Structure formats: structure tokens, C-alpha cells
Amino acid sequence: MLYKVASPSEYLVITGVGISDIKLAKKGWILPGQSCSVFDVSPVNYTFEVQAMSAEKLPFVLPAVFTIGPRVDDEQSLFRYAKLISPHDKLSNHVKELVQGIIESPRCFHDHGRDFQRN
């Protein structure tokens, strides 16, 4: 048995014997047959150049910076973050592609209202 405590910006992800999916905790006993990893909930900035199209069908590049992190007051948000992001390095290509895919999926609905001003 091992007692672990997470730092203020971290959570423990406990899996294994007696836990059906994952268990999130700030501190807890790690029993034999269980494993524990730690994930940081500090927000991370991701910079993208998003390809977009104006209402006049003119393509343009939209530089964008997004700050991504879980809502620590929402348990579902923490569970999703623990399952999708925590197994990977936050700055890895996998996480960046995941974030970019989420950001670009609804983008087409917002860009079509954008007009270019002519001087």
C-alpha cells in the first residue's frame, strides 16, 4: 500500500483492481493491483493558423491562440481531460492535433459571417 498526495495543480488518476473505469482524487491510498498516474490541470496555450473563408468566399489565414484546460469545478470535464489529454505530453503532436480538430470543427459556422472591408 502507498499513500499519494497530488500538488495543488494536479490530480491523481487511479486505475486497477476495484475501480471500474478511473478514479480521480487529490489524495488516496494506492492498493496492490492498482496503478496511479498524476496529471496537471494548469492551462496550456496552443497557437494555430486557422484556414478560413469569408462570406465573399475569399480565403484567409486567421492566427489564433487558445488556452486549454479542464474546468476543475466540473467532474465530467476532469474525467474527459484525464482520459484524453493526461496520457500524453501536453505539448505533443497528438494533443495539438486533437485540440486543433476540436477547434476547427465548428469554425465553418462562425467564419461565413465575416466580411472583408474594401477601402
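Owing to the predicted nature of the structure, the values given are computational and were not obtained by experimental measurement.

(A) Molecular detail of the environment of Ala-64. Position of Ala-64 among the secondary structure elements: in strand β7 (residues 59–68). Sequence spacing of Ala-64 and Thr-47 is 17 residues, and the spatial spacing of their C-alpha atoms is 5.8 Å. Excluding residues within four positions of it along the chain, Ala-64 makes contact with Tyr-46, Thr-47, Phe-48 and Val-50.

(B) Structural view of the nonpolar core. By size, the foremost hydrophobic cluster in this structure holds 19 residues, and its most contacted members are Leu-24 and Phe-39. For this core, the secondary-structure elements that each account for two or more residues are β2 (10–16), β6 (44–53), α1 (75–84) and α2 (93–104). Ala-6, Leu-12, Ile-14 and Ile-19 belong to the second largest nonpolar core, which has five residues in total.

(C) Local environment of the side chain of Gln-34. Mapping Gln-34 onto the fold places it in strand β5 (residues 34–40). On the basis of relative accessible area, Gln-34 is assigned to the buried category, the value being 16%. Every residue in contact with Gln-34, bar those within four places of it in the chain, is listed here: Ile-14, Thr-15, Gly-16, Val-17, Ile-19 and Trp-29.

(D) Quick peek at the packing of aromatic side chains. Per the stated rule, a full pass over the model turns up four aromatic pairs. With 6.1 Å between their ring centres and 25° between their planes, Tyr-11 and Phe-39 make a pair best called stacked. Here the residue Tyr-11 occupies a position in strand β2, and Phe-39 occupies one in strand β5, the gap between them amounting to 28 residues. Relative accessible area serves as the criterion here: at 16%, Tyr-11 is assigned to the buried category. Given the relative accessible area of 3%, Phe-39 is considered buried. Taken together, a centroid distance of 6.3 Å and an interplanar angle of 50° make the contact between Phe-48 and Phe-66 tilted. Residue Phe-48 is found in strand β6, and its partner Phe-66 is found in strand β7; the two are separated by 18 residues along the sequence. With a relative accessible area of 27%, Phe-66 lands in the partly exposed category. Ring-pair connections join several aromatic residues into one group, and the members of that group are Tyr-11, Phe-39 and Tyr-81.

Conventions we followed
- Residues numbered from 1 in each chain as written.
- Predicted model: local features only at pLDDT ≥ 70, side-chain atom pairs only at ≥ 80, totals over all residues.
- Heavy atoms only, no water.
- Helix = DSSP H or I, 4+ residues; strand = E, 2+ residues; numbered from the N terminus.
- Contact = heavy atoms within 4.5 Å.
- Core = buried A, V, L, I, M, F, W, Y, C linked by side-chain atoms within 4.5 Å.
- Buried < 20%, exposed > 50% of the residue type's maximum accessible area, 1.4 Å probe, protein only.
- Phe/Tyr/Trp six-rings, centres within 6.5 Å; stacked < 30°, edge-to-face > 60°.

Take it as geometry only, folks, not as evidence of what the structure does.
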